[in-house]
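Architecture and fold: a report
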Amino acid sequence: MSRASITKAHNKIQELSWEPTFVEPVDKYPTDYTFEKAPKKDPLKQVLRSYFPMEEEKDNRVFGAMDGAIRGNMFRQVQERWMEWQKLFLSIIPFPEISAARAMPLAINAVPNPEIHNGLAIQMIDEVRHSTIQMNLKRLYMNHYIDPAGFDISEKAFSNCYAGTIGRQFGEGFITGDAITAANVYLTIVAETAFTNVLFVAMPGEAAANGDYLLPTVFHSVQSDESRHISNGYSIILMALADERNRALLERDLRYAWWNNHAVVDAAIGTFIEYGTKDRRPDRDSYAEMWRRWIYDDYYRSYLVPLEKYGLTIPHDLVEEAWNRIWNKGYVHEVAQFFATGWFANYWRIDAMDDTDFEWFEHKYPGWYDKYGKWWERYADLSVKNGHGPIAFENADYEYPHRCWTCMVPCLIREDTVVDEVDGQVRTYCSETCHWTDAVAFRGEYEGRPTPAMGRLSGQREWETRYHGRDVGEIMQELGYVRDDGNTLVPQPHLDLDPKKMWTLDEVRGITLNSPNVLLNEMSPQEREAHIAHYKAGGPAGRPAPEPAGA
Amino acid sequence: MSDQTILEEPPRKQRSVPKPVFTDAEAGAKEFPSSRSRHYNYFEPRKRRASVYEDVTVDVQPDPERHLTQGWVYSFADGSRGYPQEWTALKSTNWHLFLDPNEEWEQTIYRNNADIVRQLRQVVANAEAADAFSNWKRGWATVVAHHVGAWAHVEHGLGMHVYTPAQRDAPTNMINNALAVGAVHKLRFAQDIILYNLELSDHVDGFDGQAHKATWQEDPIWQSTRENVERLTGVRDWAQAFFATAVVFEPLVGELFRSGFVMQAAAPQGDYVTPTLMGAGEADAAREQRGARELFRMLSNDPEYGDANRAVMQDWLDEWTPRSTDAGHHLQPIWSQIPDKVVRFDESRARAHQRFADLVEDLGLELPKEMQA
């Protein structure tokens, strides 16, 4: 269709909506935002009769590539290290996608603008597309990759693994609580506009470098829908800004959404890109370099900062602190180390970093080896079955971390840990902002004004607490992370598929898992204070602080 | 370019590209525990092997009653979390038993809808080329402008404000995806009608492309239908909204108008285009009705909650049937607006009522009193 006819068609479909007179519109999903002075914008002029054939064509290309990958024996060239992390990634990502579909009526209900409704409804079916096309990609991996274990249990494992729970907030956060906080600020303004760049553009590039060109095929096809979604979100935030009463809420939600997305997405995608790759060319961009380009320059400077002209206060401090965590505080390295520490509770395999990896990390992140190198050498030693337990339960100069109550990524940057008693429980937080999110933002009042629509953080947020005092062998059986011989574990601390070298339930039985938070709550206030002071003095790389002389 | 220039050209820098590595990481390269575990093992497929639809749909939306051990990590202010089962009065011992009989997933959604778009585009283009609109009988263009145009609002309202929120509210991914597909069917159909209206404005002399708005908003013929649609958009219980739309409204009003009038009346008026358009929408509505039949039959036959569910659905039926019969009744004058009486309103209504009665019986419910002849 020509642009002129699209404009004409788009103008015509605006005639479809009407103001009801027989019933008052029902507020199906609560919001504290108000949209009484909303102007109308849909710059992309979305019409379904051009949308469906366009998407069908995109699909045909995806399915053609899938056929080609199988016929061309792509899996003879994929790196197992990379594919193993896809067991985690592809178990998580279809849920955020489908959650985005479910989020659309929240925005439609909140925003009295039929022109925007049309774009949001198209986004809804886009997201169904994304979720099911990604599940289908995973199905292909399961059928054609050497080790299907972990893919075969995918959505169950996503539902019961600590890592899946971290990922799940990037999805649940779209559909629950204040409709605009969830479906606009968290989902569209931050998650889609900022972080799909590293999810769907940077990561596929890394996949291709590891011999997997199907992930780029599928995810670039997905990403090509995102510009429309970004446009939807931008229209809504401009409408929100037209009403002064929304300003404080927008600023609250931008702080929460930015920080939570950073904590969750950078943890996961940073790990996949830095620790899931075998591509160690010195001039290959690091995650930090990609982040600087895609998030800092393309999103923060080009998209977020210009919103200041509408009088909105942008969380500059949190953007800089996110960068500080990535570049100076080793956030991604700490997270990758934690995932590897917890290998026994995963549903994918993680191999040790080797000399080639060390060289690359040192080149990209000077000082890396002094912080993390010894631990990875220890990981390599302890990955070989030899009568010992998984590294988490052996002496590896690593203090198992407390978990952040809010983002559920552990408190890995030890000195930033915040402890507070909230809702009658002593909770730990990875950062001041995560503490603020729980204690201040997700409450029924904000800066003296009632916020009755704001959601709450809920659920059994600490995986370790659920299994406190339990035998690791029992836990693994209960989770279902055992292979079809009934004894070999799905996760492994190496990539060797020789059955004699694979870890089994026998190596993890008799080990008791403890929850740091349960133990913390059992301490006296004095013990707790001393414990936290010692904890915060620890790191980097999880190293416990030296005991004071004479202790 | 001289030879000298070529000689002086600096050596090209070697491009930095990833090197292919033979890893032999393909299925079957080694035997080890689970090396042949090549199906999703966390759900029971309906048949021996899971369909692609099941594989890409089941358990993507987690559930504390299945594998979600840590529970939902966000809640609404009132404490409800995730996909609360309390968002409908109906109950199920296992909501996950519902599978979409249309097995809609990404590939089917785009194939089917793109097929319809192409089909309509070709028919309209052919009609324009053949100057077919000039063969319409006098008065028919007015019916299309007013009443077919008014129907676009019905489809839009139901798609945007009934199906779209319902796909947030139901407790499983299988139900919600089916509802999402229903939503875009409705929205596409609404746009198909209104863009057809635009084409006619360009090609039929005197065609009033704006008449549909006043007809929908003010014509007494349509006000009961509009009231019915608006009331459907105001229902908070997603299952009630879906039931009252797909089980009650669609047969008694939707099929009555689409199949019972437009598709019967158009051809004798020299119009082969409008029935094609309406037929596509009718086929979509039939798909949604298959899903509704499957879902509500499952709930009606639930071993624990079947009796209670039937009582709830009976109440819904008793509440919504009079609205939809009234809406259908008010459409009667449209049948008189064409010169050739190829179909009588009573015949169309009898057929719609029969289809409604069959559906109601299939769900184990009783026809409301006013429908019992």
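What you see is a predicted model, and the numbers here were worked out from it, not measured in a lab.

Description of the overall build of chain A
The number of helices and strands found in chain A is 20 helices and 7 strands. By the compact-globule yardstick of 24 Å for 551 residues, chain A fits well, its C-alpha radius of gyration being 24 Å. Once the C-alpha set of chain A is aligned to its principal axes, its extents read approximately 75 × 65 × 45 Å. The 551 residues of chain A split such that 66% are buried. Within chain A, contacts between residues separated by at least 24 positions form 77% of all contacts whose residues are at least 6 apart in sequence. Carbon and sulfur atoms make up 50% of the accessible area of chain A, which totals about 17,400 Å². For chain A, the centre of its 58 positive side-chain charges and the centre of its 81 negative side-chain charges are spaced 5 Å apart.

Here we look at the overall build of chain B
Along chain B, the regular secondary structure elements total 12 helices and 1 strand. Along chain B, helices and strands appear, N-terminal first, in the series α-α-β-α-α-α-α-α-α-α-α-α-α. Each principal axis of the C-alpha distribution contributes one length, and for chain B these read about 85 × 75 × 40 Å. Scored against the burial criterion, the 373 residues of chain B give a buried share of 59%. Counting contacts in chain B only where the partners sit at least 6 residues apart, residues at least 24 apart contribute 78% of the total. As displayed, chain B offers around 15,400 Å² of accessible surface, 48% of which is attributable to carbon and sulfur atoms. In chain B, the 39 positive side-chain charges and the 55 negative ones have mean positions that sit 4 Å from each other.

Notes on the packing of helix H3 (residues 106-129) of chain B against helix H9 (residues 273-300) of chain B
All names here are of chain B. Their axes nearest at 9 Å, the elements H3 and H9 cross at an angle of 165°. On the basis of the axis angle, H3 is roughly antiparallel to H9. The two elements H3 and H9 cross, and the hand of that crossing is right-handed. For the pair H3 and H9, the contacting residues are Asn-112, Ile-116, Gln-119, Leu-120, Val-123, Val-124 and Ala-127 in the first and Val-273, Thr-276, Leu-277, Ala-280, Asp-284 and Arg-287 in the second.

So, the confidence of the model for chain B
Mean pLDDT over chain B works out to 95, with 97% of the residues at or above the 70 mark. For this predicted complex, the interface confidence comes out at an ipTM of 0.96, alongside a pTM of 0.96.

What about the interface of chain B and chain A?
Taken together, the contacts link 102 residues of chain B with 114 residues of chain A. Summed over both partners, the interface of chain B with chain A buries about 9,500 Å², with 59% contributed by carbon and sulfur atoms. Counting across the chain B and chain A interface gives 5 salt bridges. Its salt-bridge partner being Glu26(B), residue Arg76(A) comes within 2.8 Å of it at the nearest N-O pair. Summed over the shared surface of chain B and chain A, the number is 62 residue pairs in polar contact (both at pLDDT 80 or more). For the side of chain B that touches chain A, the secondary structure elements donating two or more residues are helix H2 (52-57), strand E1 (74-75), H3, helix H4 (140-169), helix H5 (173-203), helix H6 (211-218) and helix H7 (220-233) of chain B. In terms of residues, the side of chain B that touches chain A owes the most to one element, H5(B), which gives 17 residues. Tallied by class, the residues present in the side of chain B that touches chain A amount to 45 nonpolar, 33 polar and 24 charged.

Some points on the pairing of strand E2 (residues 425-429) of chain A
Residue and element names in this part refer to chain A. For E2, the tally of buried residues reaches 5 of 5 residues, placing the bulk of the element in the interior. Neither face of E2 is exposed, since Gln-425, Arg-427 and Tyr-429 on one face and Val-426 and Thr-428 on the opposite face are all buried. With 5 bridges joining them, strand E1 (residues 418-422) and E2 adopt antiparallel strand pairing. In the strand pairing of E2, Glu-421 is matched with Val-426. As consecutive antiparallel partners, E1 and E2 are separated by 2 residues, and within that stretch Asp-423 has a phi angle of approximately 50°, a positive value.

Notes on a negative patch on the surface
Residue and element names in this part refer to chain B. Taken together, the side chains of Asp-315, Asp-318, Glu-366 and Glu-370 make up a negatively charged region of the molecular surface. Here Glu-366 is to be found in the segment after helix H12 (345-362). Accessibility expressed as a relative area gives 56% for Glu-366, which makes it exposed.

What about H7(B)?
Residue and element names in this part refer to chain B. If you check H7, its first and last C-alpha atoms are 20 Å apart, about what 14 residues at 1.5 Å a residue would give, namely 20 Å. Most of H7 sits inside the fold, with 11 of its 14 residues counted as buried. Buried residues along H7 sit against H4, H6, helix H8 (238-265), helix H10 (306-330) and helix H11 (332-335). With a side-chain oxygen lying 3.0 Å from the backbone nitrogen of Ile-221, the N-terminal cap of H7 falls on Asp-219.

Here we look at the pattern of salt bridges
Residues and elements named next belong to chain A. For the coordinates displayed, the defined rule picks out 74 salt bridges over all chains. For the salt bridge of Glu-155 with Lys-138, the shortest nitrogen-to-oxygen distance reads 2.6 Å. A residue pair is termed long-range when its members are at least 10 positions apart, and Glu-155 in helix H6 (residues 154-160) and Lys-138 in helix H5 (residues 114-144) qualify at 17 residues. By the burial criterion, Glu-155 is buried, and Lys-138 matches it. In this structure, Asp-506 and Arg-509 form a salt bridge, with 2.8 Å as the shortest nitrogen-oxygen distance. Since its relative accessible area comes to 45%, Asp-506 is described here as partly exposed. We classify Arg-509 as partly exposed; its relative accessible area is 42%.

Observations regarding the environment of Gly542(A)
All names here are of chain A. Relative to the helices and strands, Gly-542 resides in the segment after helix H20 (525-536). Separated by 57 residues in the primary sequence, Gly-542 and Asp-485 place their C-alpha atoms 35 Å from one another. Among all residues touching Gly-542, those that are not within four sequence positions of it are Glu-334, Gln-337, Asp-397, Tyr-398, Glu-399 and Arg-414.

Some words on the environment of Gln123(A)
Within the fold, Gln123(A) resides in helix H5. Not counting residues within four places of it along the chain, the set of residues in contact with Gln123(A) comprises Met104(A), Leu187(A), Glu192(A), His229(A) and Asn232(A).

Considerations on the side chain of Asp237(B)
Residues and elements named next belong to chain B. By secondary structure assignment, the location of Asp-237 is in the loop between H7 and H8. Lacking a salt bridge, the buried Asp-237 has Arg-236 as its closest oppositely charged neighbour, with an N-O distance of 7.9 Å. Side chain to side chain, Asp-237 and Thr-88 meet in a polar contact 2.8 Å long. Side-chain polar atoms of Asp-237 contact the backbone nitrogen of Gln-240, separated by 3.0 Å.

Some thoughts on unusual backbone geometry
Residues apart from glycine generally show negative phi values, whereas peptide bonds are mostly found in trans. Residues and elements named next belong to chain A. Cis geometry marks the peptide bond from Gly-539 to Pro-540; its omega dihedral reads -5°. Its identity as a non-glycine residue notwithstanding, Asp-397 has a phi of 55°, on the positive side. Residue placement: Asp-397 occurs in the loop between helix H15 (368-382) and E1. Positive phi outside glycine occurs at Glu-447, with the angle close to 50°. Among the secondary structure elements, Glu-447 is positioned in the loop between strand E3 (445-446) and strand E4 (449-450). A relative accessible area of 65% means that Glu-447 is categorised as exposed.

Looking at the packing of helix H8 (residues 179-209) of chain A against helix H10 (residues 247-275) of chain A
Residue and element names in this part refer to chain A. Here H8 crosses H10 at 20°, and the two axes come no closer than 9 Å. One finds that H8 runs roughly parallel with respect to H10. As for the relative orientation of H8 and H10, their crossing is right-handed in sense. Residues that form the contact of H8 with H10 fall into these classes: 19 nonpolar, 4 polar and 4 charged.

Reading the values: rules and limits
- Residues numbered from 1 in each chain as written.
- Chains lettered and ligands numbered in written order.
- Predicted model: local features only at pLDDT ≥ 70, side-chain atom pairs only at ≥ 80, totals over all residues.
- Heavy atoms only, no water.
- Helix = DSSP H or I, 4+ residues; strand = E, 2+ residues; numbered from the N terminus.
- Rg over C-alpha atoms; globule rule 2.2 N^0.38 Å.
- Buried < 20%, exposed > 50% of the residue type's maximum accessible area, 1.4 Å probe, protein only.
- Contact = heavy atoms within 4.5 Å.
- Areas by Shrake-Rupley, 256 points an atom, 1.4 Å probe, with all protein chains shown as cover.
- Lys, Arg positive; Asp, Glu negative; His and termini not counted.
- Charge placed at Lys NZ, Arg CZ, Asp CG, Glu CD.
- Axes fitted to C-alpha atoms, helices over the stretch in contact; angles between N-to-C directions.
- Parallel < 35°, antiparallel > 145°, perpendicular 65-115°, else oblique.
- Left-handed = near helix turned anticlockwise from the far one by under 90°.
- pLDDT = per-residue confidence, 0-100.
- Buried area = accessible area lost by both parts, 1.4 Å probe.
- Salt bridge = Lys/Arg side-chain N within 4 Å of Asp/Glu carboxyl O.
- Polar contact = N/O pair within 3.5 Å; in protein donor to acceptor, adjacent residues only side chain to side chain.
- Nonpolar A, V, L, I, M, F, W, Y, C, P; charged D, E, K, R; others polar.
- Pairing = 2+ DSSP bridges.
- Patch = residues over 30% accessible without salt bridge, like charges linked within 9 Å, V, L, I, M, F, W, Y side chains within 5 Å.
- Expected span 1.5 Å × (residues − 1).

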